Amino acid sequence: MKEVASGPVGQVRIAPSILSADFGSLATGVELVDAQTDWLHVDVMDGHFVPNITIGPPVVKSLRRYSDKFFDCHLMISQPDRYLEAFRDAGANGCTVHVEVGGTSELIAQMRSLGLHVGLAANPDTPFSAVEPYLADLDLLLLMTAFPGFGGQAFMGEVMDKVRLARERIDEGHLALNLEVDGGIDPDTIGVARKAGANVFVAGNAIFARPDPLAAAATLREAALLSA
Ligand code: DX5
Ligand code: ZN
């Protein structure tokens, strides 16, 4: 696995989601936004945990040749235990599994032993109590601000109570944990999520569906930093 640092915990990070890029020329999209982004968010869907099917380890392996970024792989799949090693071998730096699939303690241990940054995600309607017991064992908590499966959905502001609660617990416990939001992040909603306490911002449509994705990424970062 290529060692890529995730950067200082808690700092603003822009993570473009390649789900909204042109799958026929992913490398071009990834290189295009490189200068104004921090991580690369890779959305993996299995047609089972979510209705959609996207990409797997071979695509991660190919993209690794075009990017030195921290690869933040969001596994929206029912049996992540079967694929974690393949993603690690392909060049994933961090993997995020969903708490809704179960077996969370075992998955965290497996990710740790593979040398992956350990992420745990929760759907918008999953309560904070479902992820709270694992906080001290994570590198990343992802609180979905849209239901997983598709890009371009509306930001769910009602998730901000959960983001605030997570930020409180992270700060109280002095936990070395990044707090990520994903779904409907744009120049307006990024400020809302930043104020609530998130520090890693996934954005698909707000970057790749814009005429100038590089400028769009820069705009997002400015908006996040201004609203701290
Ligand atoms: C959706 C994915 C997201 C998605 C976000 O299930 O997890 O990462 O690409 O797309 P936008 O930013 O367009 O809502
Ligand atoms: Zn995602």
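Residues numbered from 1 in each chain as written. Chains lettered and ligands numbered in written order. Predicted model: local features only at pLDDT ≥ 70, side-chain atom pairs only at ≥ 80, totals over all residues. Heavy atoms only, no water.

Would you take a moment to explain the sheet that holds strand E5 (residues 117-122) for this structure?
Strands pair in a sheet through their backbones, by hydrogen bonds, and they do so in one of two ways: parallel or antiparallel. Reading across the sheet, the eight strands line up as E1-E8-E7-E6-E5-E4-E3-E2 and stay open at both edges, with parallel pairing between neighbours. Of all strands in the sheet, those with a lone pairing partner are strand E1 (13-16) and strand E2 (39-45), marking the two edges. Strand-to-strand twist across the sheet, computed as the mean angle between neighbouring axes with direction ignored, equals 25°. Of the pairings in the sheet, the one linking strand E3 (residues 70-76) to strand E4 (residues 94-98) comprises four bridges and is parallel in character. By the bridge assignment, Leu75 is partnered in E4 with Val97. Those strands touched by helix H2 (residues 57-64) are E2 and E3, and its axis lies near 170° from that of E3. (Pairing = 2+ DSSP bridges. Helix = DSSP H or I, 4+ residues; strand = E, 2+ residues; numbered from the N terminus. Axes fitted to C-alpha atoms, helices over the stretch in contact; angles between N-to-C directions. Contact = heavy atoms within 4.5 Å.)

Could you clarify how one ought to interpret the site of ligand 1 in this entry?
Taken together, 20 residues lie near ligand 1, and Ser17, Asp43, Gly149, Asp182 and Gly204 sit nearest. In the environment of ligand 1, an oxygen atom lies 2.7 Å from a nitrogen or oxygen atom belonging to the side chain of Asp43. In isolation ligand 1 offers 380 Å² of accessible surface; the protein chains occlude 98% of this area. Of all the cavities here, the one that holds ligand 1 is the largest pocket. Of all the elements in the fold, those that place two or more residues in the shell around ligand 1 are E2, E3 and strand E8 (200-203). Here the shell around ligand 1 gets three residues from one element, more than from any other, and that element is E2. Across the shell around ligand 1, the residue classes tally to eight nonpolar, ten polar and two charged. (Near = heavy atom within 4 Å. Polar contact = N/O pair within 3.5 Å; in protein donor to acceptor, adjacent residues only side chain to side chain. Areas by Shrake-Rupley, 256 points an atom, 1.4 Å probe, with all protein chains shown as cover. 1 Å grid on protein atoms, 1.4 Å probe; cavity = no way out; pocket = protein on both sides within 12 Å on 5 of 7 lines; lining within 4 Å. Sits in = over half its atoms within 2 Å of the grid points. Nonpolar A, V, L, I, M, F, W, Y, C, P; charged D, E, K, R; others polar.)

Sorry if this is basic, but what is going on with the packing of aromatic side chains here?
Here the distance between the centres and the angle between the planes together describe a pair of aromatic rings. Within the structure shown, the criterion is met by one aromatic pair. Here Trp39 and Phe70 contribute two aromatic rings whose centre-to-centre distance is 4.6 Å and whose plane-to-plane angle is 40°, an arrangement assigned as tilted. With Trp39 in strand E2 and Phe70 in strand E3, this pair connects stretches of sequence that are 31 residues apart. Judged by relative accessible area, which is 3%, Phe70 ranks as buried. Across from the ring centre of Phe71, 3.7 Å away, lies the NZ or CZ of Arg64, which sits over that ring. (Phe/Tyr/Trp six-rings, centres within 6.5 Å; stacked < 30°, edge-to-face > 60°. Buried < 20%, exposed > 50% of the residue type's maximum accessible area, 1.4 Å probe, protein only. Lys NZ or Arg CZ within 6 Å of the ring centre and 35° of its normal.)

It is not clear to me how the layout of surface pockets should be interpreted in this structure. Could you clarify?
A probe as big as a water molecule, rolled over the atoms, marks out the empty space that is left. Taken as a whole, the largest pocket spans an internal volume of roughly 280 Å³. Lining the largest pocket we find 27 residues, and of these Gly151, Gly152, Gly183, Gly184 and Gly204 sit closest to its centre. Among the elements of the structure, E2, E3, E8 and helix H7 (205-208) are those that each provide at least two residues to the lining of the largest pocket. Residue composition of the lining of the largest pocket, by class: twelve nonpolar, eleven polar and four charged. (Points joined across faces, edges and corners; volume = space filled by probe spheres on them.)

I would appreciate a short explanation of the coordination of the zinc ion (ligand 2) in the present structure.
Four donors placed tetrahedrally about a metal ideally form angles of 109.5 degrees, and six donors placed octahedrally ideally form angles of 90 or 180 degrees. Donor atoms from the polypeptide that coordinate the zinc ion (ligand 2) comprise His41 (NE2), Asp43 (OD), His74 (ND1) and Asp182 (OD), at 2.1 to 2.3 Å from the metal. The site at the zinc ion (ligand 2) holds six donor atoms, and with the angles between them running 71 to 170°, its shape is octahedral. One chain supplies every donor for the zinc ion (ligand 2), spaced along it as H-x1-D-x30-H-x107-D. Placement of the pair is His74 in strand E3 and Asp182 in strand E7 (residues 178-182), with a sequence separation of 108 residues. As far as burial versus exposure is concerned, His74 and Asp182 are alike and both buried. (Donors = N, O, S within 2.8 Å, 3.2 Å for Na, K, Ca; no water. Tetrahedral: all angles 85-135°; square planar, octahedral: opposite > 155°, others 65-115°.)

Please explain the pairing of E4 as it appears in this structure.
If a strand is regular, its side chains alternate between the two faces of the sheet. Taking burial as the measure, the five residues of E4 include five buried ones, the bulk of the element. Because side chains alternate across E4, one face comprises the buried residues Gly94, Thr96 and His98, and the other comprises Cys95 and Val97, equally buried. Between E3 and its parallel partner E4, the chain crosses via helix H3 (residues 84-90), and the hand of that crossover is right-handed. Where E4 meets E5, five bridges bridge the pair, whose relative direction is parallel. (Right-handed = clockwise from strand over helix to strand, strands pointing away.)

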